[in-house]
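Observations on the model geometry
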Protein chains: 2
Amino acid sequence: MSRDVSTEKRRSECPIAGTLDIVGDKWTLLVLRDLLDGKTRFSEFERSPEQITTNILSDRLRRLEVHGLVVRRQGSGRRFEYHLEPKGEALRDAILALAAWGNAHVADTWVPPANYLQRPD
Amino acid sequence: MSRDVSTEKRRSECPIAGTLDIVGDKWTLLVLRDLLDGKTRFSEFERSPEQITTNILSDRLRRLEVHGLVVRRQGSGRRFEYHLEPKGEALRDAILALAAWGNAHVADTWVPPANYLQRPD
DNA sequence: CTCAACGCTTGCAATTTGCAAGTCTTGAAC
DNA sequence: GTTCAAGACTTGCAAATTGCAAGCGTTGAG
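These figures come from a predicted structure and were not determined experimentally.

Helix and strand content of chain A: six helices and two strands. Sequence-ordered secondary structure for chain A, helices as α and strands as β, is α-α-α-α-β-β-α-α. Overall size of chain A, expressed as C-alpha extent along the three principal axes, is 45 × 40 × 30 Å. Expressed as a percentage of its 121 residues, the buried residues of chain A come to 48%. For chain A, the exposed area adds up to about 6300 Å²; of that, 49% sits on carbon and sulfur atoms. Positive and negative charge centroids in chain A, built from 19 and 18 side chains respectively, lie 4 Å apart.

Structure representation (C-alpha cells):
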C-alpha cells in the first residue's frame, strides 16, 4: 500500500518534522492511543469509534513495527498481539498533551477518566 | 483546495481524535512550529527547510484562521501578518513534546537551543 | 465437519498533496 | 512615471494517499 518505509525521505532535520515524518498522518497517533490504552489485537483497533479501515490499520501497524515503536508477537493460538516498545511508549506525553488540548479547545470531546492513558506505575 | 471547513465531520468525540481532525495532517503542526518560533509572514513559512508549497501553505493558514488558532492582520504596506491566538499558543506543550521525542528517537535531528519555542515570560 | 470470527490483502474510486505556472498588488529604482 | 522585482496568493493538472467493499486463508468453537 505505501511504498518501502526504508526509502522514505525526511523533510528536514528538525526534530518536530522528523517526528511527524513517522507519526504525522491522520491515523498513526490514534493507533498509538489505543496501544497506550492497553489494546493489543487487530480487531480491537478496528472497533475503535473512528472506524479505521483494515488496509490502513494493517499498513500503520507495519510502519510502527518497522520504525521500532511496536512489536508484533504471537498470541495464543495463531492470533497476533501488538505491544509498545519503549520508543512507542515515549510518545505518551505528546499524546496526553494533544488530549489536553482537545479537551480544552474542541467542543464536545469526552473527558477521559483521570487515569486515562496514564503511565501505570 | 480543501472543502468547506465548516462542514468537516469529526471522526469521534475522543479529544485526541478531535485535535487531530484540526492539526493532524502532514503540514499544520509545522506551520504552528514556525508561528511559535515568531514567524509571521507567508514568505517566512515558505522559506522553512521543509519547503511547503504555496497552495498548501495558504490552505493551512486559512484553516488555522477558521478554527481560531491564528489571526491574520494587515502588516505594513499591504502585507499580511499571521499571529497565534491563545488557542494556537496552547499547542506549544504538545509541539515541544513531539520535539523532545524527535530528539530522543529520530536520528540526525538538530538539537534546538535551550529556549527554542519556549514560552517567552 | 461446518461455520463464523480473526487478520489480513486486493482492486478500484475519491480525496489530498505536490508541482509549475500565472495573476495581482505594491514599493523601490531608474 | 515607467519598469521591475518581491510578496502573497490562485489555478490546473499529475501523483500519491486514503477510503470502501469484497475476498481469502486460518483457527477454534459447536
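Further notes follow.
A complete count under the given rule lists 18 salt bridges over all chains for this structure. When the shortest N-O distance is used, the salt bridge between Asp34 of chain A and Arg33 of chain A registers 3.0 Å. Arg33 of chain A matches Asp34 of chain A in its accessibility class, with the two residues each being buried. For Asp21 of chain B, the salt bridge is made with Arg11 of chain B, and the minimal N-O distance between the two is 2.8 Å. Of this pair, Asp21 of chain B sits in helix 1 (residues 15-23) while Arg11 of chain B is found in the segment before helix 1, placing the two residues 10 residues apart along the sequence. Judged by relative accessible area, Asp21 of chain B falls into the buried class, the value being 18%. Among the residues examined, Arg11 of chain B registers a relative accessible area of 16% and is labelled buried. A network of salt bridges, in which partner residues are shared, links Arg33, Asp34, Lys39 and Glu50 of chain A.

You can overlay chain A on chain B at an RMSD of 0.0 Å; the transform is a turn of 180° with a shift of 0.0 Å along its axis. A rotation of that kind, with that shift, is consistent with a two-fold axis. Mapped onto chain B, 100% of the interface residues of chain A are again interface residues, and the two copies thus contact each other with one and the same surface.

With that settled, consider the interface of chain A and chain B. Counting residues at the interface gives 42 residues for chain A and 42 residues for chain B. Of the roughly 3700 Å² buried at the junction of chain A and chain B (both faces included), carbon and sulfur atoms supply 72%. Looking at the side of chain A facing chain B, the largest losses of area belong to Arg11, Ile16 and Trp101 of chain A, adding up to 20% of the total buried there. Our count for the contact surface shared by chain A and chain B stands at zero salt bridges.

A separate point is the environment of Ser6 of chain B. Considering the arrangement of structural elements, one finds Ser6 of chain B in the segment before helix 1. As for Ser6 of chain B and Ala97 of chain B, which are separated by 91 residues in sequence, their C-alpha atoms are 29 Å apart.

Here we come to the protein's contact with DNA strand D. Near DNA strand D, the surroundings consist of 23 residues, among which Trp27 and Asn55 of chain A together with Ser58, Arg72 and Tyr82 of chain B are the closest. Restricting the count to atoms of DNA strand D within 4 Å of the protein gives a sugar and phosphate share of 66%. Taking Lys26 of chain A, its side chain carries an N or O atom lying 2.8 Å from a phosphate oxygen of DNA strand D. In this structure, a phosphate oxygen belonging to DNA strand D sits 2.6 Å away from a side-chain N or O atom of Trp27 of chain A. Sorting the residues of the surface near DNA strand D by element identifies helix 4 (54-66) of chain A together with helix 3 (42-46), helix 4 (54-66) and strand 2 (80-84) of chain B as the ones contributing at least two each. In terms of residue class, the surface near DNA strand D is built from six nonpolar, eight polar and nine charged.

Let us now look at the side chain of Thr109 of chain B. Relative to the elements of secondary structure, Thr109 of chain B occurs in the segment after helix 6 (92-105). Here the side chain of Thr109 of chain B touches Val106 of chain B through a polar contact of 3.4 Å, landing on its backbone oxygen. Not counting chain neighbours up to four residues away, the residues in contact with Thr109 of chain B comprise Arg10, Glu13, Cys14 and Pro15 of chain A together with Gly102 and Asn103 of chain B.

So, how was this worked out
Residues numbered from 1 in each chain as written. Chains lettered and ligands numbered in written order. Predicted model: local features only at pLDDT ≥ 70, side-chain atom pairs only at ≥ 80, totals over all residues. Heavy atoms only, no water. Helix = DSSP H or I, 4+ residues; strand = E, 2+ residues; numbered from the N terminus. Buried < 20%, exposed > 50% of the residue type's maximum accessible area, 1.4 Å probe, protein only. Areas by Shrake-Rupley, 256 points an atom, 1.4 Å probe, with all protein chains shown as cover. Lys, Arg positive; Asp, Glu negative; His and termini not counted. Charge placed at Lys NZ, Arg CZ, Asp CG, Glu CD. Salt bridge = Lys/Arg side-chain N within 4 Å of Asp/Glu carboxyl O. Least-squares fit on C-alpha atoms with pLDDT ≥ 70 in both. Contact = heavy atoms within 4.5 Å. Buried area = accessible area lost by both parts, 1.4 Å probe. Near = heavy atom within 4 Å. Polar contact = N/O pair within 3.5 Å; in protein donor to acceptor, adjacent residues only side chain to side chain. Nonpolar A, V, L, I, M, F, W, Y, C, P; charged D, E, K, R; others polar.

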